[in-house]
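So the chains spell out like this:
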Amino acid sequence: MLNKDAVHAIIFQALANVNDERGPDEQLDISPATILFGTDAVLDSLSLVSVIVDVEAAVSEVSGRDVVLTDDRAMSQEVSPFSDVGSLTSYILLLLSEPV
Amino acid sequence: MLAKTIQGEFINLRPLQGSDAERTYNWRHSARAKYLNQGAASVEQQAAWIASRPVTEYNFIIELKSGHAVGMVSLTGIDTINQHGESGRFLIGDEDAVKGTPAAVEAMKLIYELAFDQLGLIRICGTVAADNHLMIKWQKYLGMKEEGRLRNHLYLDGQFQDALFLGLLVDEYRKVTLPRMNFLVAAGRVKNELKPTAQGN
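A brief look at the structure comes next. Counting starts from 1 at the beginning of each chain's written sequence and moves along it residue by residue. The order in which chains are written sets their letters, starting at A; the order in which ligands are written sets their numbers, starting at 1. pLDDT decides what is reported in this predicted model: residues at 70 or higher carry local features, side-chain atom pairs at 80 or more are listed and counted, and totals for whole chains, interfaces and linings draw on all residues regardless.

### A few points about the overall build of chain A
In terms of regular secondary structure, chain A is built from 4 helices and 0 strands. Under the DSSP-based scheme used, a helix requires at least four consecutive residues in state H or I and a strand at least two consecutive residues in state E, with every element numbered from the N terminus. When the helices and strands of chain A are placed in sequence order, the string is α-α-α-α. Two things to know: the radius of gyration comes from C-alpha atoms, and the globule rule equals 2.2 Å times the number of residues to the power 0.38. In terms of overall size, chain A behaves like a compact globule, its C-alpha atoms giving a radius of gyration of 13 Å where 100 residues would be expected to give roughly 13 Å. Projected onto the principal axes, the alpha-carbon positions of chain A cover approximately 45 × 25 × 20 Å.

Listed below in structure tokens is the structure:
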């Protein structure tokens, strides 16, 4: 089972992958409080998709189960999973805590 | 060519016009345009290029609802016999203005609606520089399939590089692309805070 630190690490790597494609003056500050999408966010929709794709792939690989972050359930959460790194981490841990 | 603006929720697509020459010239010569073909050498040449666009092309400026121009996108190569077209010239020129908003995805959604729903095309295709990893990942997530690799197809930043040839069929658009685009557009509506409940709590 992935824990909070492991999920954080996966999301940080996904954000680092975005940084790899950006110039030195355009680097994202990566932390648990990094706002992903919405008001005051650091990502545009191009970069958000990159994070979604990389996080889904890494979580699925490490956990051994398919994880989908972009469905109706994600949008129905009280707090958007893409608000910040913390909310995305919480949503992933919620998904992984449920029976297959 | 469509002479009217296409309205979206977060952005509009308005037809490219001569007065966009300086803005689009600057975008095309920014670092973000490094994966596009080399643009015009001067604002005057850019204006001439805009003026010479054939009526068969749909060239748009992406505007926020405030009217602020943030990018450009086109639908070209429209073949009404074989019912296909090419999406391209896609560039977000003002990245800061679109952070946290689904401007790019909604712009492409409006292009696909024009292509598939209004013009009745059954296929959209295009090329992406092989080193443009974010764009390739984005297009594939949104349903595009890699159909080929064009070796040394592009001369960018002083060297040749491959281009990936990507294609999307109308059935794939409806099954895969549209739901994912709708999700991303909806994500732009969500506030980063607790949603109020029905009781207003």
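### Re the interface of chain B and chain A
Residue-level contacts link 25 residues of chain B with 25 residues of chain A. Broken down by secondary-structure element, the contributors of at least two residues to the side of chain B that touches chain A are helix H3 (95-98), helix H4 (103-118), helix H5 (133-141) and helix H6 (170-187) of chain B. Contact definition: two residues whose C-beta atoms, as placed from backbone geometry, lie within 7 Å.

### Side note on the packing of helix H1 (residues 21-28) of chain B against helix H2 (residues 43-51) of chain B
Residue and element names in this part refer to chain B. Axis lines are fitted to C-alpha atoms, over the contacting stretch for helices. Their N-to-C directions set the angle, which ranges from 0 to 180 degrees. Two elements in contact, H1 and H2, have axes separated by 9 Å at closest approach and are oriented at 110 degrees. In terms of axis orientation, H1 runs roughly perpendicular to H2. Along its contact with H1, which presents Ala21, Glu22, Thr24 and Tyr25, the element H2 presents Val43, Gln46, Ala47 and Ile50. When its residues are assigned to classes, the contact of H1 with H2 shows 5 nonpolar, 2 polar and 1 charged. Angular relationships are summarised with four words: roughly parallel below 35 degrees, roughly antiparallel beyond 145, roughly perpendicular across 65 to 115, and oblique for the angles in between. Each residue gets one of three labels, nonpolar for Ala, Val, Leu, Ile, Met, Phe, Trp, Tyr, Cys and Pro, charged for Asp, Glu, Lys and Arg, and polar for the others, Gly among them.

### Structural notes on the pairing of strand S6 (residues 123-129) of chain B
Residue and element names in this part refer to chain B. If DSSP finds at least two bridges between two strands, the strands pair. In the sheet, strand S5 (residues 84-92) pairs with S6 via 3 bridges, with the strands oriented parallel. Paired with glutamate 86 across the two strands is cysteine 125, which belongs to S6. Judged from the 7 bridges that link them, S6 and strand S8 (residues 159-169) form a sheet pairing that is antiparallel. Each residue of the ladder has a partner; that of glycine 126, found in S8, is leucine 166.

### Some points on the pairing of S5(B)
Residues and elements named next belong to chain B. Sheet topology note: the strand S4 (residues 69-79)/S5 ladder contains 6 bridges and is antiparallel. Pairing of threonine 76 across the sheet is with glutamate 86, part of S5. Where S4 folds back onto S5 in an antiparallel hairpin, the turn is made up of 4 residues, including glutamine 83, whose phi is positive at roughly 60 degrees.

Honestly, that's just the spatial picture; any functional story needs more than this.
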